[in-house]
Amino acid sequence: MNTLLSIKTNDSISYDEIKEIVNQYPANLQPVVIKAFQEAEKENFKRAAELCCDLLDQKADPGIMMLLGTCYFMQDHMPVARQVFSDLVTDYPGEEEYLIYLGITDHALGRYAEAAAELGSLYPLKLYRPFYYTSYGDSLMQLGKLKQSCDVFRKEIEYYEETKYIPSALMLDEAFQNLIYLDITLGNGKYPEDIKLYYEFLEQAEMTDEMQECLAGNITYFSGLMSNKWYRPLFLEFITHIQEKGLLSTERALTALEAAFTTWESYAYHDDRQITQMMEAYLVADFERRYSADNLISKEEHSSAEILALTYEWYMCQYVPEHMEEVHYVETVYPHTYAKTKDFFENVKNNPIATAEKIEDKLYTYTKRTSRQEFRESMHRAYKKACENKKEPVYVYDGTESYRRVVPKVGRNDPCPCGSGKKYKKCCGR
């Protein structure tokens, strides 16, 4: 017991502090106090909470109440944890630690106004405490107070810059994510120095599978900020740095990185006069079909995406034979995009008629109200009309969703549509 006891959401507690709590109890209960802290250290929070309740039945003690609240918090029993921390704040007014953990718990419960008021009353802290700045900063962001939120997240990053201390890699990564997002959104000129610090952090942190998921989530999230045209070259620098440093190795993370390069290319070829509207429309339709296959959308939406993609594939069977130079251009200038469509282009190049017939067979299953000949004629008419279309701003996409969206955009703090009960940024949005 003469080592530091580190509980994930709590500050480290020393042997002397534990000894002081132990001494508050009679000799026959002192082994139970020690056992409660030992179980918590082993992350057996349910058993530790049971021991705390037994002790509190005998004698009320703030140290045991604090341990009980922490154990409930770690089991995700937030309402009960909040009640414990609220009782501590009421019984011991002026104790900073209890108010901090009440605020952190309110933040976890989505009670952002209450959390901002509780944590804000202590800002800035005289002594650094993990999770204080991230909980306070996110509460402010949820309330729309972006500039204040940015200042708070910066406090967390400044402490890391001064000490290189990482209390929790996942917590610090989230702080960097929010700070960089706010730098871009606010256009405050702080992005270059903050992204440099983020690179240093990533070099220092152990890139576990969980950390790689977080980084992949950040890549996907930042890709959605390329509506800010000035950010696009910076995003390319970001993902290129990640690739060159080899920070990602899991299949899921590498898929996100590859999608990010494809995202960047989509913005580039949208502005590229060498890419026609016909080619761009096909590439976007192909992407939307991939998106609908990988995400939880309705059967009708999936069918719509499939029909659109098949239609443009059929168009390309007519278009490509006379525009092979454009296909070669896509291959050379937009390699990540081309890699997704290489097999299709090869089939069209080798046998456009047979490829078109196979696509037509698939399309006809969706439309049986006309004869096959009438259907074929209508396709040719539609193709000629599509050739007359000019580029429009809607045909760009952001890595996971098109601006011409097939499903509503899910906010990073909204419930995940997979039904897990977690926030989107903590689940499928990683």
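Reading guide: rules and limits
- Counting restarts for each chain, with residues numbered from 1 along the sequence as it is written.
- Local features in this predicted model are restricted to residues whose pLDDT is 70 or higher, and side-chain atom pairs enter the listing and the counts only when it is 80 or higher, whereas totals over whole chains, interfaces and linings include all residues.
- Hydrogens are left out, water is left out, and the side-chain values use all remaining heavy atoms of the structure.
- By definition, any uninterrupted DSSP run of H or I lasting at least four residues is a helix, any uninterrupted run of E lasting at least two residues is a strand, and each is numbered from the N terminus.
- Here the term buried applies to any residue with accessible area under 20% of the maximum for its type, exposed to any over 50%, and partly exposed to those in between, with areas from a 1.4 Å probe on protein chains only.
- In this description, contact between two residues means that some pair of their heavy atoms is separated by no more than 4.5 Å.
- In short, Shrake-Rupley with a 1.4 Å probe defines the accessible areas, and a residue's cover is counted only from the protein chains shown.
- Think of a nonpolar core as a cluster: buried Ala, Val, Leu, Ile, Met, Phe, Trp, Tyr and Cys residues, connected wherever their side-chain atoms sit within 4.5 Å.
- Each reported salt bridge corresponds to a side-chain nitrogen of Lys or Arg within 4 Å of a carboxyl oxygen of Asp or Glu.
- Two rings belonging to Phe, Tyr or Trp (six-membered ring only in the last case) form a pair when the distance between their centres is within 6.5 Å. Interplanar angles under 30 degrees mark stacking, angles over 60 mark edge-to-face geometry, and anything in between is tilted.
- The rule is short: NZ of Lys or CZ of Arg within 6 Å of the ring centre and within 35 degrees of the ring normal puts a charge over the ring.
- Axis angles are defined between N-to-C directions and span 0 to 180 degrees, where every axis is a line fitted to C-alpha atoms and, for a helix, only to the segment in contact.
- Working rule for angles: under 35 degrees goes down as roughly parallel, over 145 as roughly antiparallel, 65 to 115 as roughly perpendicular, anything else as oblique.
- By definition, turning the near helix anticlockwise from the far helix through less than a right angle yields a left-handed crossing, and turning it clockwise yields a right-handed one.
- Amino acids are sorted into nonpolar (Ala, Val, Leu, Ile, Met, Phe, Trp, Tyr, Cys and Pro), charged (Asp, Glu, Lys and Arg) and polar (every other residue, Gly among them).
- A score from 0 to 100, pLDDT tells how confident the predictor is in each residue.
- To estimate how far a helix should extend, the number of its residues minus one is multiplied by 1.5 Å.
- Excluding any residue in a salt bridge, patches collect residues exceeding 30% relative accessible area, merging like charges within 9 Å and nonpolar Val, Leu, Ile, Met, Phe, Trp and Tyr side chains within 5 Å.
- Neither His nor the chain termini are counted; the positive set is Lys and Arg, and the negative set is Asp and Glu.
- Where a charge lies is defined by one atom per residue type: Lys uses NZ, Arg uses CZ, Asp uses CG and Glu uses CD.

(A) Focus on the overall build of the protein. When its secondary structure is counted, the protein shows 20 helices and 0 strands. For the protein, the residues scored as buried account for 48% of the 430 residues in total. A separation of at least 24 residues holds for 60% of the contacts in the protein among residues at least 6 apart in sequence. In the form shown here, the protein has an accessible surface area of approximately 21,400 Å², with 50% of it arising from carbon and sulfur atoms.

(B) Main features of the nonpolar core. Formed by 45 residues in total, the largest nonpolar core has its most connected members in V33, I64 and Y132. Of all the secondary-structure elements, those providing two or more residues to this core are α1 (15–22), α2 (30–41), α3 (45–58), α4 (62–74), α5 (78–91), α6 (96–108), α7 (112–120) and α8 (132–142). With 8 residues, α4 is the single largest residue contributor to this core. Discounting chain neighbours no more than four positions away, the residues touching Y132 are I100, I104, L119, G120, L122, Y123 and L125. Core analysis: the next-biggest nonpolar cluster, separate from the first, contains 42 residues, A175, F235, A253 and F261 among them.

(C) Region of interest: the pattern of salt bridges. Scanning the model with the defined rule gives 18 salt bridges in all. A salt bridge links R111 to D106; the shortest N-O distance between them is 2.8 Å. Between D151 and K147 there is a salt bridge, and its shortest N-O distance comes to 3.8 Å. Note that D151 and K147 are positioned in helix α9 (residues 146–163) at a spacing of 4 residues, about one turn of the helix. You can call K147 exposed: its relative accessible area is 59%.

(D) Fine view of the environment of Y92. Within the fold, Y92 resides in the loop between α5 and α6. Classification of Y92 by relative accessible area gives partly exposed; the value is 31%. Spatially, the C-alpha atom of Y92 lies 8.6 Å from that of P62, the residues being 30 residues apart in sequence. The residues touching Y92, leaving out its near neighbours within four places in the chain, are P62 and Y98.

(E) Examining the packing of aromatic side chains more closely. This structure, assessed with the given rule, holds 34 aromatic pairs. Between the NZ or CZ atom of R372 and the centre of the ring of Y364, over which it lies, the distance is 5.1 Å.

(F) Representation of the packing of α9 against helix α11 (residues 191–204). With their axes 11 Å apart at the nearest point, α9 and α11 run at an angle of 55 degrees to one another. Our classification of the angle between α9 and α11 gives oblique. The handedness of the crossing between α9 and α11 is left-handed. Along the contact surface, α9 presents R154, I157, Y160 and E161, while α11 presents D194, L197, E200, F201 and Q204. Tallied by class, the residues present in the contact of α9 with α11 amount to 4 nonpolar, 1 polar and 4 charged.

(G) The arrangement of the confidence of the model for the protein in detail. Counting all residues, the mean pLDDT for the protein is 88, and 86% of those residues have values of 70 or more. Below a pLDDT of 50 lies the segment residues 416–422, which in the model reaches 15 contacts outside its immediate sequence neighbourhood of four places, other chains included.

(H) Quick peek at the packing of α7 against α8. Put simply, α7 and α8 touch, their axes get as near as 9 Å, and they point 135 degrees apart. In terms of orientation, α7 and α8 fall into the oblique class. Our pair here, α7 against α8, has a crossing hand that is left-handed. In this structure, α7 uses Y112, A115, A116, L119 and G120 to contact α8, whose residues at the interface are Y132, S135, Y136, D138, S139, L140 and Q142. Across the contact of α7 with α8, the residue classes break down as 7 nonpolar, 4 polar and 1 charged.

(I) Highlighting the environment of Q38. By the secondary structure assignment, Q38 is in helix α2. Here Q38 falls in the partly exposed class, since its relative accessible area comes to 29%. For the pair Q38 and A48, spaced 10 residues apart in sequence, the C-alpha to C-alpha distance is 7.9 Å.

(J) Structural view of helix α12 (residues 209–223). With 15 residues, α12 ought to run about 21 Å at 1.5 Å a step, and its terminal C-alpha atoms sit 21 Å apart, in line with that. Of the positions making up α12, those classed as buried are M211, Q212, C214, L215, A216, G217, N218, I219, F222 and S223. Where the residues of α12 are buried, they touch α10 (169–186), α11, α13 (232–245) and α14 (251–270).

(K) Highlighting a negative patch on the surface. A cluster of acidic residues, E158, E161, E162 and E193, forms a negative patch on the protein surface. When residues in the negative patch are grouped by element, the largest group, 3 residues, is from α9. In this fold, E161 is placed in helix α9. A residue is classified by how much of its surface remains accessible, and E161, at 42% relative accessible area, is partly exposed.

(L) Examining the environment of E258 more closely. Mapped onto the fold, E258 is located in helix α14. Using a relative accessible area of 24% as the deciding quantity, one classes E258 as partly exposed. In the structure, E258 is positioned 19 residues away from I239 in sequence and 9.2 Å away in space, judged by C-alpha atoms. Setting aside chain neighbours within four positions, we find E258 in contact with H336 and K340.

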